[in-house]
Each structure stands twice: as structure tokens, then as C-alpha cells.
Amino acid sequence: MICQKFCVALLHWEFIYLITAFNLAYPITPWRFKLSCMPPNTTYDFLLPTGISKNTSNVNEHYEAVVEAKFNSSSTYFSNLSSKTTFHCCLWSEEDKNCSVHADDMEGKAFVATVNSLVFQQIGANWNIQCWTKEDLELFICYMESLFKNPFKAYDLKVHLLYVLPEVLEESLPVPQKGSFLTVQCNCSVRDSCECHVPVPTAKLNHTLLMYFKITSGGVIFQSPMMSVQPINVVKPDPPLGLHMEITDTGNLKISWSSPTLVPFQLQYQVKYSENSSTNMRKADEIVSATSLLVDSVLPGSSYEVQVRGRRLDGPGLWSDWSAPLIFTTQDVIYFPPKILTSVGSNVSFHCIYKNENKIVSSKKIIWWMNLAEKIPQSQYHVVGDHVSKVTFRSLKATKPRGKFTYDAIYCCNEHECHHRYAELYVIDVNINISCETDGYLTQMTCRWSTNAIQSLVGSTLQLRYHRSSLYCSDVPSIHPISESKDCHLQRDGFYECVFQPIFLLSGYTMWIRINHSLGSLDSPPTCVVPDSVVKPLPPSSVKVEITVKIGLLKISWEKPVFPENNLKFQIRYGLSGKEVQWKMYEVHDAKSNSASVLVPDLCAVYAVQVRCKRLDGLGYWSNWSSPAYTVVTDIKVPTRGPEVWRIINEDTTKKERNVTLLWKPLMKNDSLCSVRKYVVKHHTSRNGTWSEDVGNHTQFTFLWTEQAHSVTVLAVNSIGASFVNFNLTFSWPMSKVNTVQSLSAYPLNSSCVFLSWKLSPSDYSLMYFITEWKILNEDSETKWLRIPSSFKKYYIHDHFIPIEKYQFSLYPVFMEGVGKPKIINSFTPDDIEKRQNDAGLYVIVPIIISSSILLLGTLLISHQRMKKMFWEDVPNPKNCSWAQGLNFQKVPFSIFFNPKYIRLHLNAICLI
């Protein structure tokens with residue numbers, strides 16, 4: 001019964017608490033505040049003895065001592081807990097110490113806690129509380145801890161946070177119902193500190209959050225007053241990132257950092273640093289809105305320690321935690337910057353402060369060296385201050401690697417010595433050629449670039465960046481501040497390849513290669529590409545080729561590709577088909593044409609033909625070559641001429657008959673155009689008239705010569721017709737006795753060539769040409785022959801001649817009226833043989849004489865040197881030999897050593913050497 005009445009009273013109290021607390025909610029500030037629950041008629045000052053200041057640390061020490069004493073003295077009263085004490089709980093802070101205690105009216109009771117513990121009845125309870133919103137703006141955190149350590153060692157501490165976050169943002173809100181409060185259990189550690197997490201939607205960061213604490217310790221329940229806060233006003237950022245220190249070009253120390261990435265507003269920063277050097281010590285604390293701070297008067301050999309924290313710049317908020325401390329120590333020689341990465345053709349400068357034996361060297365006495373091998377001219381020096389020297393390099397060339405060193409070492413020295421520390425200069429040639437081409441379907445653009453010309457820099461990465469303009473390119477491409485990166489892949493040929501898909505044909509793509517390195521980044525000169533201007537069309541299709549009949553031209557036809565729609569020019573390459581085609585080029589600039597005819601020398605060969613195309617205005621690339629097309633060898637025209645004809649006459653004296661065997665050589669393709677189906681022998685006699693005989697593909701034909709004169713003509717026939725130009729051969733009994741060749745000489749030049757010469761007597765007949773025959777005597781060997789023009793008086797026969805064999809040479813004059821009497825010789829010309837034998841002997845003797853002369857001259861020179869050495873070793877001392885006094889042996893001519901008088905003196909002299 002007593003328990004039920006207590007519970008009803010407790011619920012009635014909580015209801016009254018909620019109604020009154022809504023209007024009296026304590027506004028949470030961006031700094032720490034305190035929750036104090038004290039007995040009636042007691043103020044906070046009762047905890048502070050005389051002489052103790054009202055600061056938290058002193059309160060903690062005193063409060064801890066008082067509680068420990070109360071626990072020790074009240075341990076006997078825990079068995080009797082019948083007495084009840086009403087506690088008043090309030091919130092206060094160091095900035096606002098007004099912790100008023102309400103009367104026992106309806107509002108005052110809202111802040112009352114009933115406590116049976118004798119300890120609490122005497123001293124009360126106090127907590128430090130701080131609440132903030134995390135940087136990600138998704139979590140609201142409250143942290144609370146006791147003002148003293150372990151006040152209730154025998155009791156457990158449990159804390160719950162009850163809160164409500166309205167759905168709407170209004171100045172006047174309805175009173176929240178008791179059931180609308182949500183409860184979160186706080187995580188309490190063994191050190192009596194607790195942390196409570198409340199999730200806050202991003203959309204409600206500006207809404208008012210109402211909350212209060214329920215604290216249970218040792219069976220005692222405390223309940224805080226109602227508190228209110230807007231989560232956006234208590235944001236606690238994360239500590240600044242990337243704290244870094246470096247020496248600037250002006251010799252100052254630059255402290256820089258980066259802002260936390262999730263903060264939705266601008267921050268201000270507090271920087272605290274300390275400097276420690278042999279001549280100076282200082283500490284400083286500055287607040288800045290930028291992410292960097294310059295510290296002047298930096299000296300060599302100094303040490304700096306820095307920490308940074310941040311807070312909202314405009315509006316309330318909490319300071320973040322301090323960043324981890326960073327220590328930076330300057331060396332005895334300060335280079336700023338210590339390393340420079342730059343491109344070819346640029347200008348850079350190094351600064352230096354030199355400390356020698358605890359004394360800073362004057363900048364006027366500083367000398368600069370490169371690689372300790374090249375003194376830099378003083379014209380490149382500049383005095384920046386009393387102790388800061390500057391050297392400038394202009395129009396730099398690419399650094400040449402020296403072994404494992406890929407940089408130039410820049411040394412700052414005084415007049416007498418150089419410190420071992422140096423600055424590093426990296427100069428890289430960033431002229432990278434980017435070439436792009438759009439495919440024939442106009443769907444993608446492929447860009448390629450190579451790094452072969454770039455000096456490799458360890459730790460660097462390459463990236464293609466681009467910016468797309470809406471239409472075309474500017475006259476002078478420039479690197480745009482807004483750009484995108486493109487993934488490129490290394491190919492087997494050493495080129496990087498990037499594909500843009502989809503593409504905008506008329507947009508301008510400005511591209512450059514960015515070299516990223518820890519020392520900085522470099523950009524290659526930008527290039528701008530319009531995809532429509534770099535199209536590589538598809539190759540022409542349906543390529544056909546043939547040799548035109550009767551005209552004899554190489555005719556090529558093709559079909560134009562569908563894309564691009566621009567006018568195109570075409571290029572044809574053709575050549576004789578084979579393993580290695582020797583191509584010839586032919587261009588067609590008529591955009592409407594889809595065929596071309598080319599004059600070729602050989603109409604009977606197989607030609608390979610390919611076609612490619614390109615925009616007529618010159619933009620873009622040539623397409624790939626089409627698949628090769630080949631001609632088929634067919635007859636183009638009638639043969640240009642008939643075969644050359646000769647004969648062999650076999651005479652039967654008994655029957656007084658002569659059998660004539662006609663001989664001819666097969667026509668080559670360039671004469672037959674392009675094949676010979678058959679040969680036809682055409683006869684003409686005065687008595688029997690004219691008739692023809694088909695001999696097929698044979699190259700000889702025998703007939704009986706019975707009449708006084710008999711003319712024959714051999715015609716070559718192909719699929720087009722018979723040859724128009726032919727050789728006629730007339731056999732005449734009277735003409736066979738006409739002797740016009742007076743003499744014939746044959747001179748063998750070598751085993752493969754014989755020189756023929758002849759003389760003719762005057763004749764009234766019309767000479768057409770000569771026929772010469774040759775064969776080996778005394779053997780039934782083949783007779784070889786050839787036709788010689790009538791204007792020739794000498795001729796070179798090329799064949800394989802055996803020197804030990806005898807040859808017969810014959811020369812026949814061929815007239816219009818018939819074949820004349822031949823001139824026949826059965827050996828080479830004797831005079832020529834003897835002359836050649838004599839010449840051969842001369843050719844053998846002369847080299848022998850020349851070789852012997854050279855050998856003899858070499859022997860004399862060697863003997864000369866040996867004799868001089870031998871005689872000089874035996875040169876007497878002029879002081880000991882009377883005959884040698886006054887004689888300069890170094891100027892004695894070599895001929896004196898062969899003088900008998902000198903030899904005799906030399907052999908007979910007795911000298912002390």
C-alpha cells in the first residue's frame with residue numbers, strides 16, 4: 001500500500017515537472033556547465049572553505065575531501081534510512097554562477113529530488129556536463145563527470161538521457177506529452193564519467209532539442225532540470241588535418257593545415273606554438289581565419305612545436321580538440337624551398353640562410369655552387385636581407401641523371417667552405433604529344449601519348465586531364481581551372497591510351513598531362529582537339545581491279561564509306577604481287593569519283609591494289625588500307641609481234657632436196673599480251689601462192705624447200721587475235737651465194753662473254769639484220785643463235801664458254817631478198833689469244849715485282865733501325881777517346897756508319913765507355 005502511494009506521488013511529480021520545466025528549460029551553452037543538487041538552505045559556497053577560490057580544480061579537491069570524510073563518518077547510519085531530505089537541483093556555469101534555489105511551490109518542486117542517503121543529505125551532488133554535435137552533424141553527444149573522483153565507491157552509477165525533438169520548427173511549441181520523450185542509456189566508465197549519444201536528423205539541426213538527465217547512484221535518483229539546445233549551435237569540429245611546417249621563399253616559417261572535410265561552415269583556428277633556439281625562446285597563441293600562419297624571423301638551428309584547433313567562425317560552437325603536436329627543427333643551413341620540381345624553360349629561385357659556428361653568415365658573403373663542380377655566376381645572386389641570399393636559374397634545361405641521382409645539387413657556401421647539406425633541383429621536360437583520332441563510326445575518340453621523352457621521376461604519377469568546351473577550340477589552348485581526369489592504360493607499344501565515349505563531335509577537348517609528385521605537380525602544354533577534325537574514316541569497301549581489254553590500263557573501283565559525310569579524297573597504292581610489294585601511289589581528289597585508271601608497264605602481271613580515304617579539306621587521318629584486290633591475267637591485246645625466226649637447213653644431195661626446220665623462241669608475256677594459244681606458219685611462194693599451217697604451241701616446224709624462193713612468217717595468236725608485226729624469212733637459192741661479210745673475229749673476254757667484230761663489203765641488197773650462230777666443235781651440241789640489228793659492227797655474246805673447248809662462230813646477213821652467205825670461223829682469233837697470254841703473264845709478273853719491292857723496302861727500314869740502335873749502344877765517351885772528341889753523334893749522318901774509315905776506327909779504338 002505504501003509502495004502504491006509512493007508510485008502515484010512520483011508520477012504526479014513527474015507530470016508537474018514536465019509542465020513547468022518546458023517554460024524554464026536551461027539553455028545549453030557551447031562550454032561546460034555544472035549540475036548541482038544540494039540540501040535546503042544550502043548554497044554552493046558551503047563547499048568552499050575560507051581562502052579557497054571558486055575554480056573547478058579547487059572545488060574538486062575540497063569536495064573530494066569532504067565526501068570522503070562524510071562517507072567515513074556516516075557509514076553507521078545506512079541501516080536507518082527513515083529520514084527524508086528534499087534536494088534542490090540546478091544548472092550553472094563558470095560564466096553564469098547564478099544557481100538559484102526555488103521555493104516549495106509548484107514550480108520549485110519540479111526541481112526536487114527525494115534522497116534517503118545520509119551522505120547526500122549532508123553534502124549534495126555535483127557534475128560537470130558538456131554537450132556538442134559531432135562534425136558529421138548526425139550525432140548529439142553529452143559528456144558528464146563528477147566534480148570529484150570516485151565519490152561513491154560502494155554504489156553503481158547509471159545515467160539516462162530523456163529527450164524530445166519536435167517535428168516542426170516554431171517559436172512557440174505545444175507542451176510535449178510525457179510519453180513523447182525518448183530515452184537513451186548513457187555509457188558510464190569506471191571513472192564515474194558518462195557519455196550519452198542522441199541521433200539527430202540533418203533536417204532537424206535547427207530544431208530545439210528538449211532533454212533532462214536521470215541519474216541513479218547507490219539507489220539514489222537525481223533528476224536534472226529541463227535543458228534546451230539547437231544542435232547546430234553546439235557543433236564541435238574534428239581537429240584540423242595535415243599540419244605541416246615549411247620555410248617560405250622569404251625565410252618565414254609557414255604553418256599550414258587543412259580544414260575538416262565535413263564542416264558545413266567556415267572555421268576560425270587557434271594556433272599555439274613555441275620556438276626554442278640558442279639565441280631566442282618564445283611562445284605565442286594566435287587566432288586566424290585562414291588555414292595557415294606565418295612566423296617571421298626564423299633562425300637556423302631552431303626548434304618549433306605547434307598545435308592547432310578549430311571552431312565555428314560566425315555563430316556559437318565548440319572548439320575542437322587540439323591536433324597532435326608537430327615538431328619542426330631548422331638545420332644550420334636553411335634552404336627554402338629545399339626541393340624544387342619544375343619544367344624545362346622555366347625560372348626558379350633558391351634562398352639560403354647560412355649559420356657557421358653559432359654565427360649567421362652575411363648574405364653578401366654567400367657563394368652558390370651546382371653539384372660542387374660548377375660555380376654559379378654572381379650575376380644570378382640576389383641579396384634578400386642581411387642573412388638571406390637568393391640565386392635564380394633562368395630558362396632551365398632538363399636535368400641529366402648522374403648515376404642514381406636524378407637532380408642537380410645546389411650548394412649554399414660561405415667564402416671558405418660548403419656545408420654538406422644542399423637543395424635539390426628537378427627539371428623535367430613535360431612536352432608530351434597527345435594525339436587523338438575519332439573512329440569511322442563517329443562514336444568514340446581514342447587519345448594516345450607516350451612518356452618516352454620524359455625523365456622518370458621516382459614516386460611520380462601521370463594523369464590525363466581535360467576540359468570540354470561547348471563548341472570548338474580557342475585560338476590559344478590554356479589549362480582550365482575546372483577539369484576532369486581520364487583513365488589511361490599502358491599498351492604494349494609503350495603508349496598510354498584513353499577512350500572518350502560518348503563524344504560531342506563539335507566540342508573542344510582541351511587536354512594535358514599532369515605529373516603528380518610529392519614536390520608538386522607539373523602540367524604539359526595543353527592541346528585542344530575537336531573530335532570532328534580528327535576522324536579516321538572507315539576504309540573504302542568493295543574494291544575491284546582489272547586490266548582493261550584493248551586499252552591496257554589498270555582500272556580500280558570502290559565504294560565510299562558511309563561516315564563521315566564530308567567530301568573525301570582517295571589514295572591508291574598498287575604494285576606487282578609478291579612477298580615484298582614495291583608500292584606506287586596514285587591520288588584521286590575528285591570527291592564524286594569512285595574509280596580510277598592507272599597506266600602500268602606490265603599488262604600481263606598480277607597486281608595488288610589497296611585504297612584508303614581522307615577528308616578532302618585535309619583534316620583528320622587517312623583511313624586504314626582496304627583489303628587488297630588482285631588482277632587476273634588475261635589477254636589484253638593481240639601480241640605486239642611474232643617470234644624471232646631462224647632455220648636449220650638439211651640438204652639431201654642425192655635427192656637434191658632441202659629440209660628446212662624453222663626455229664623460234666617463245667614470246668614473253670609483255671610481247672604476247674598476255675598468252676599465246678598457238679603459232680601459225682604462213683608460207684608464200686611464187687608458184688603455189690600463200691597458205692598457212694597451224695603448229696600449236698610448238699617452237700619449231702620443218703618443211704620441204706623445193707622452189708627457187710620460199711618466204712615464211714610465223715604469227716603468234718592469243719584470245720584476241722594474231723600478231724600484226726612479224727618477222728619474215730626468205731629462202732632463196734641465188735641469195736645464199738651473196739657474200740657480203742668480209743671478215744669475222746671472235747675475242748673471248750672471259751668465260752661468260754665473247755666479243756664479235758666483223759667487216760662488210762658494199763652490197764646493193766637491203767640488209768635487215770644479222771643472225772649469229774655458235775656451237776662447240778667436234779660435238780653434236782646444240783647450235784645457239786641470236787638476232788643482231790643491221791647497224792651493229794660488233795657485238796658481245798653472253799653465254800657460258802668453256803676455255804678448253806673450240807667454238808665455231810657463224811654470221812649470216814639477212815636481206816629482204818633472202819639469207820646471204822655466212823662467214824664461219826672455227827676458233828678464236830689467234831692474235832688475240834697470244835696477246836691475251838702475254839697480258840696474262842704481265843698481270844702475274846707486275847704484282848710480284850710490286851710485292852717484292854715493298855718487302856725489300858721494309859727489310860731495309862728494319863735493318864736501318866737495328867743498326868742505329870746497335871751503334872748508339874757502343875757510342876764512346878768523347879772524354880776518353882781522342883778521335884771522338886768534338887764529334888756530335890746525334891747529328892752524324894747514317895751513311896757514316898758504312899764508311900770503312902769509321903768502321904776501322906771503331907774496331908781499333910780502345911775506349912772506356
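Note that the structure is predicted; figures quoted are calculated from it, not measured.

### Overview of the overall build of the protein chain
Reasoning step 1: Regarding its fold elements, the protein chain presents 6 helices and 60 strands.
Reasoning step 2: Within the protein chain, buried positions represent 43% of all 913 residues.
Reasoning step 3: Considering only contacts in the protein chain between residues 6 or more positions apart, those separated by 24 or more positions represent 65%.
Reasoning step 4: Accessible area for the protein chain stands at about 50,700 Å²; split by element, carbon and sulfur atoms hold 52% of it.

### A closer look at the confidence of the model for the protein chain
Close inspection of predicted coordinates is inappropriate for parts of the model with low pLDDT.
Reasoning step 1: Looking at the protein chain as a whole, its pLDDT mean stands at 81, while 78% of the residues score no less than 70.
Reasoning step 2: Low pLDDT, under 50, characterises residues 100-119; the stretch is placed with 55 contacts to residues that sit more than four places away or in other chains.
Reasoning step 3: The low-confidence segment residues 894-898 (pLDDT under 50) makes 9 contacts with residues lying over four places distant or belonging to another chain.

### Things to note about the nonpolar core
Reasoning step 1: Core analysis: the biggest nonpolar cluster contains 64 residues, and Phe140, Met211, Phe213 and Ile255 have the highest contact counts within it.
Reasoning step 2: Among the elements that take part in this core, strand β5 (residues 125-133) stands out by supplying 5 residues, more than any other.
Reasoning step 3: Setting aside chain neighbours within four positions, we find phenylalanine 213 in contact with Ile129, Cys142, Met144, Val159, His160, Leu161, Cys196, Phe222, Gln223, Ser224 and Met227.

### Focus on the sheet that holds strand β30 (residues 423-428)
Reasoning step 1: An order of β22-β30-β29-β25-β26 is seen for the 5 strands of this open sheet, with the pairing classed as mixed. Two strands lie at the open edges of the sheet, namely β22 (339-343) and β26 (374-375), each paired on one side alone.
Reasoning step 2: Relative to β30, strand β29 (residues 408-413) runs antiparallel, the two being bridged by 3 bridges. Across the sheet, alanine 409 pairs through a bridge with glutamate 424, a residue of β30.

### Notes on the state of the cysteines
Reasoning step 1: A full pass over the atoms with the stated rule returns 9 disulfides.
Reasoning step 2: One disulfide in the model links cysteine 188 with cysteine 194; its S-S distance is 2.0 Å. Linking cysteine 188 and cysteine 194, the disulfide has an S-S dihedral of approximately 105 degrees and is accordingly described as right-handed.
Reasoning step 3: Using a relative accessible area of 24% as the deciding quantity, one classes cysteine 188 as partly exposed.

### So, the environment of tryptophan 31
Reasoning step 1: Examined against the element boundaries, tryptophan 31 turns out to sit in the loop between β1 (26-27) and β2 (33-38).
Reasoning step 2: Taking C-alpha positions, tryptophan 31 is 8.4 Å from serine 93, a pair spaced 62 residues apart along the chain.

### Focus on the side chain of histidine 517
Reasoning step 1: Relative to the elements of secondary structure, histidine 517 occurs in strand β37 (residues 509-517).
Reasoning step 2: A polar contact is formed between the side chain of histidine 517 and the side chain of serine 518, at a distance of 3.5 Å.
Reasoning step 3: When neighbours within four sequence positions are excluded, histidine 517 is seen to be in contact with Leu341, Leu457, Val458, Gly459 and Ser460.

Reading guide: rules and limits
Residues numbered from 1 in each chain as written. Predicted model: local features only at pLDDT ≥ 70, side-chain atom pairs only at ≥ 80, totals over all residues. Heavy atoms only, no water. Helix = DSSP H or I, 4+ residues; strand = E, 2+ residues; numbered from the N terminus. Buried < 20%, exposed > 50% of the residue type's maximum accessible area, 1.4 Å probe, protein only. Contact = heavy atoms within 4.5 Å. Areas by Shrake-Rupley, 256 points an atom, 1.4 Å probe, with all protein chains shown as cover. pLDDT = per-residue confidence, 0-100. Core = buried A, V, L, I, M, F, W, Y, C linked by side-chain atoms within 4.5 Å. Pairing = 2+ DSSP bridges. Disulfide = S-S within 2.5 Å. Polar contact = N/O pair within 3.5 Å; in protein donor to acceptor, adjacent residues only side chain to side chain.

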